[in-house]
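# Summary of structural features
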Amino acid sequence: MSDPDRCHTPHWESPQAELGRLQLLVLASVLVVAALLLLLLGWLLDPRLLWLLLPLGMLGTAIAWYVRASLRRYRFALLDDGVLLRKGLCWHSEVFVPRVRIQHTDVSQGPLARRLQLATLVLHTAGVNQARLDIAGLRPQRARQLRDELLQRQSNTQAMPAERPA
Amino acid sequence: MSEARVPEQPGHRLHPSSLAFELLVQARHLVPLLIGTLLASGSDRYSRYFLFALLALIPLLALHALIQVLTTRYWISDREIVLREGLLFKRVRHIPFERIQNVLLQQSLLHRPFGVFTVRLETGSGGADADLRVLGAEAARRIEAATRGHGDVPVDAAASQDRPALLQLGTGEVLLAGLVLDRGFLIVAAALVGVFQLDLPMLDLEAMARQLVTTLLRWAGGLNAWSLGLLLLGFLLLTKLLTLLLSVLQALLLWHGFRLEQDGPRLLAQSGLLNRARASATPARVQILSIHDGIWLRLLRRRAVAASVSGANAGTDSERGLDWLAPIVPEQHTEALLQATWPGLDLRQLQWQPLHPATHARLARRSLLLHLLLGVAVSLWSLKLLPLVIVLAAFGQIRAWAWTRLGGYAFDGKHLAWRSGISQRTTWIVPIAAVSGCTQLSSPFDRRHRSADLLLDTQAPQRTQTLRLRYLPVEQARELARRLRHGITDTTGLPAIQSTQAGTPAA
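What counts and how
- Residues numbered from 1 in each chain as written.
- Chains lettered and ligands numbered in written order.
- Predicted model: local features only at pLDDT ≥ 70, side-chain atom pairs only at ≥ 80, totals over all residues.
- Heavy atoms only, no water.
- Helix = DSSP H or I, 4+ residues; strand = E, 2+ residues; numbered from the N terminus.
- Contact = heavy atoms within 4.5 Å.
- Pairing = 2+ DSSP bridges.
- Axes fitted to C-alpha atoms, helices over the stretch in contact; angles between N-to-C directions.
- Buried area = accessible area lost by both parts, 1.4 Å probe.
- Salt bridge = Lys/Arg side-chain N within 4 Å of Asp/Glu carboxyl O.
- Polar contact = N/O pair within 3.5 Å; in protein donor to acceptor, adjacent residues only side chain to side chain.
- Nonpolar A, V, L, I, M, F, W, Y, C, P; charged D, E, K, R; others polar.
- Buried < 20%, exposed > 50% of the residue type's maximum accessible area, 1.4 Å probe, protein only.
- Core = buried A, V, L, I, M, F, W, Y, C linked by side-chain atoms within 4.5 Å.
- Phe/Tyr/Trp six-rings, centres within 6.5 Å; stacked < 30°, edge-to-face > 60°.
- Lys NZ or Arg CZ within 6 Å of the ring centre and 35° of its normal.
- pLDDT = per-residue confidence, 0-100.

### Description of the overall build of chain B
Along chain B, the regular secondary structure elements total 15 helices and 20 strands. A separation of at least 24 residues holds for 59% of the contacts in chain B among residues at least 6 apart in sequence.

Here it is in structure tokens:
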């Protein structure tokens, strides 16, 4: 990225490749199901429905392109005081979750993610609107490692959420 | 999950009239169901069986209420309150005083003749609250005093009058608040939504509404521009009057006799005409303060200060935790109120930074484009309305300019503040300690102009878009985010952003 960062240059990790594979797999499954459905309807009702396969294919290609492009920006960094996550293709966002506000974490795997041996680290914060942050496309081991690092360092600092010292 | 370890001495019991109130609460669940069944049912066998089944529930609920009331006991020790309830399914709760974030003493119209309160102990964000329904005045105040760490000591009921009031609102002020804050619109909107969600078979509301709209449109098409304009104006004025009336009524109900006191660090507020509600909170739990301002408030030299508190459950207005620090307050007293809540905050020392310089142009362009589209659409339908659209467009331009001029943000090292709005202006203040997450957002347009938005998250329930600092210069946004990050983990203060030069923050 061309923008100069703060004094600590964060060490960015990007599970692009793995996450890309996962998201494309999900997309492919959805498209296959939709195509099959269309074939079925075309056979049962009206063969002209099969023409819809063309726009479906185009839509699928467009979505695939979009997914790949937006993943190029997807990256996260583990800082001393929290986690930074960057994502978004058109609408860029950079989310920061402070370590001291993390209440608990989950390492979860969907069925497709399990097949690709990928996991998602979910950070639950004390907040209300951005109460959870998902970091997807991680190897399960890396996810657990991140979780341990976050929780371990958290136990060293004052970890009482939102209680200001009087 | 604690064992049924209960102190030896017999605990305090609820007030004798508790049975009535407990029954009322049970009935509140049952009655809508009964009414719904009666209205929606035909006279076939099944609906009658259903009705009988519901009616059979009543003695069961009464029995449940009786058991609940007879078996509830509580003990107050030095460090905690112990609650026991239930016969078959005994439940013992130990609530340490530190976990109690808020103590609410509620008194509805029905509570008054008995002189009782429903005491609600709020424990943490969305955690299980303990309701003691109902306790006599002395017992209720004893619990309130105990949560301040005094243990089982009877509190003189008159003591609360000795506490100096930070703010006390007379009826006139409350009426003023109702007129100025104009929450009537919200009531009407909510009522409309509620009405349309009711599915009454007798009245087909949707068809009625459609008929009304078509009749109106047909009639309006035949008038000339002036009559149409006058009619619209008249309609708007009428709605405005109606909402104002509703707002004043609501203000009276909610804020009659409003009194804000300070007890140590805690803030105590009580108010209400029919439902007398008391709420308290410590400064650490106040996540957001918002100072409301506006044309009318300025003319009257008043402000309104609202607070968003962590752990406050979204419920009816009378059951929420402290949410209004001051529905209306003379502007010179605003400082004192803020000082009482957050002693480290000095509103006058805040150095306000302007928004990104390109903001005005962007907002003006967007408004112009919208009105252009509106003008095209309207002129396709009826050219007579075009002058109206032009007037609206002019207003839009003025608004764009005003919004940019009046907006701004400030950071004093410990608190982040920003203001927005034109006629209804709000200054938001969030202490770093309350921030639980921060996001930098930029759209493609933002990136072209090198600006960014900052989105904050706290523990207080708020709509996402409320805590959004818009149109910050991108370097300032990054700098602010960086300082917030350091500030959240580091408890010592940081130097404030001082520079107004483009792009280079001092210190």
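### Considering the sheet that holds strand S7 (residues 132-138) of chain A
Residue and element names in this part refer to chain A. An order of S5-S6-S7 is seen for the 3 strands of this open sheet, with the pairing classed as antiparallel. On the outer flanks of this sheet lie strand S5 (102-108) and S7, each paired with one strand and no other. Going from strand to strand, the sheet's axes swing by 15° on average, the running direction of each strand aside. Here strand S6 (residues 119-125) runs beside S7; their pairing, made up of 5 bridges, is antiparallel. In the sheet register, Val 122 faces S7, and the bridge partner there is Asp 134.

### Structural notes on the interface of chain B and chain A
Facing the 36 residues of chain B at the interface are 29 residues of chain A. For the pair chain B and chain A, the two sides together bury roughly 2,800 Å², of which 51% comes from carbon and sulfur. The largest per-residue losses of area from chain B upon contact with chain A belong to B:Asp457, B:Gln459 and B:Arg485, which jointly make up 22% of the total buried on that side. Viewed at the interface, chain A and chain B are joined by 0 salt bridges. Counting the contacts that link chain B with chain A gives 11 residue pairs in polar contact (both at pLDDT 80 or more). Broken down by secondary-structure element, the contributors of at least two residues to the side of chain B that touches chain A are strand S18 (437-442), helix H14 (444-449), strand S19 (451-457) and helix H15 (474-489) of chain B. Considering only residue class, the side of chain B that touches chain A consists of 16 nonpolar, 14 polar and 6 charged.

### A look at helix H11 (residues 334-341) of chain B
Residue and element names in this part refer to chain B. Counting buried positions over the 8 residues of H11 gives 6, a clear majority of the element. Listed as buried for H11 are Thr 334, Glu 335, Leu 337, Leu 338, Ala 340 and Thr 341. Looking at the packing, one finds that the buried side of H11 touches strand S8 (165-168), strand S9 (259-263), strand S10 (266-271), strand S12 (286-294), strand S13 (302-309) and strand S14 (324-330).

### Some thoughts on the pattern of salt bridges
Counted according to the given criterion, the structure contains 19 salt bridges over all chains. Residue A:Arg142 is joined to A:Glu13 by a salt bridge in which the shortest nitrogen-to-oxygen separation is 2.4 Å. Linking A:Arg142 in helix H4 (residues 140-156) with A:Glu13 in strand S1 (residues 12-13), this pair joins segments that are 129 residues apart in sequence. In this structure, the salt-bridge partner of B:Arg133 is B:Glu22, at a minimum N-O distance of 3.6 Å.

### Quick look at the pairing of strand S4 (residues 91-96) of chain B
Residue and element names in this part refer to chain B. In this sheet, S4 lies alongside strand S3 (residues 80-85) in antiparallel orientation, the contact comprising 6 bridges. From the neighbouring strand, Glu 80 faces S4, where its bridge partner is Pro 96. Counted along the chain from S3 to the antiparallel partner S4, the turn is 5 residues long, and its residue Gly 86 has a positive phi close to 100°.

### Some remarks on the nonpolar core
Residue and element names in this part refer to chain B. Membership of the largest hydrophobic core comes to 36 residues, with the highest contact counts inside it found for Trp 255 and Leu 289. Elements represented by at least two residues in this core include exactly helix H6 (171-181), helix H9 (225-255), S10, S12, S13, S14 and H11. Excluding its chain neighbours within four sequence positions, the residues that come into contact with Leu 289 are Val 305, Ala 306, Ala 307, Leu 325, Leu 338, Thr 341, Trp 342, Thr 427, Trp 428 and Ile 429. The next biggest cluster of nonpolar side chains, apart from the first, holds 25 residues, and it includes Ile 288, Tyr 409, Leu 467 and Val 474.

### What to know about the packing of aromatic side chains
According to the stated counting rule, one finds 3 aromatic pairs over all chains in the structure shown. Arranged with centres 5.9 Å apart and planes meeting at 85°, the rings of B:Trp403 and B:Tyr471 form a pair that is edge-to-face. Note that B:Trp403 is positioned in helix H13 (residues 386-406) and B:Tyr471 in strand S20 (residues 468-473), a separation of 68 residues in sequence. What makes B:Trp403 partly exposed here is its relative accessible area of 22%. What makes B:Tyr471 buried here is its relative accessible area of 3%. Both rings, one in B:Trp418 and one in B:Trp428, keep their centres 6.4 Å apart while their planes meet at 25°; by these two values the pair is stacked. You can see B:Trp418 sitting in strand S16 (residues 415-420) and its partner B:Trp428 sitting in strand S17 (residues 424-431), a full 10 residues away along the chain. Since its relative accessible area comes to 12%, B:Trp428 is described here as buried. Of note, B:Arg419 hangs over the ring of B:Trp352, and the distance from its end group to the ring centre comes to 4.2 Å. Across from the ring centre of A:Phe96, 5.1 Å away, lies the NZ or CZ of B:Arg485, which sits over that ring.

### Some details on the confidence of the model for chain A
All names here are of chain A. Confidence in the prediction for chain A averages 81 pLDDT; 87% of positions are at 70 or higher. Mean pLDDT across the elements of chain A ranges from a minimum in H4, with 79, to a maximum in strand S4 (residues 92-98), with 92. Note on residues 158-166: pLDDT under 50 across the span, and 19 contacts to partners over four residues away in sequence or across chains.

### Details of the side chain of B:Thr404
All names here are of chain B. As for its position among the elements, Thr 404 is in helix H13. Given the relative accessible area of 14%, Thr 404 is considered buried. Here Ala 400 takes part through its backbone oxygen, which lies 2.8 Å from a polar atom of the side chain of Thr 404. Those residues within four positions of Thr 404 in sequence are excluded, and the remaining contacts are Leu 355, Thr 359, His 360 and Leu 363.

### Comments concerning the environment of A:Lys87
Residue and element names in this part refer to chain A. Counting through the fold element by element, Lys 87 comes out in strand S3 (residues 82-87). Counting along the chain gives 52 residues from Lys 87 to Ala 35, while the straight-line C-alpha distance between them is 30 Å. Each residue touching Lys 87, except ones within four places of it in the same chain, is listed here: Arg 73, Tyr 74, His 92 and Ser 93.

### Thoughts on the sheet that holds S10(B)
Residue and element names in this part refer to chain B. What the 7 strands build is an open sheet, ordered S7-S6-S5-S11-S10-S9-S8; its pairing is antiparallel. Each of the sheet's edge strands pairs with one partner strand only, and the pair in question is strand S7 (130-136) and S8. For this sheet the average axis-to-axis angle between neighbouring strands, irrespective of direction, equals 15°. Summarising the sheet, S10 and strand S11 (residues 276-281) pair through 5 bridges and their orientation is antiparallel. Paired with Ala 269 across the strands is Ala 279, a residue of S11.

### Concerning the pairing of S7(B)
All names here are of chain B. Burial analysis of S7 places 6 of its 7 residues in the buried class, which makes it a mostly covered element. Examined bridge by bridge, strand S6 (residues 116-122) and S7 share 6 bridges and lie antiparallel to one another. Within S7, the position partnered with Arg 120 by the bridge is Asp 131.

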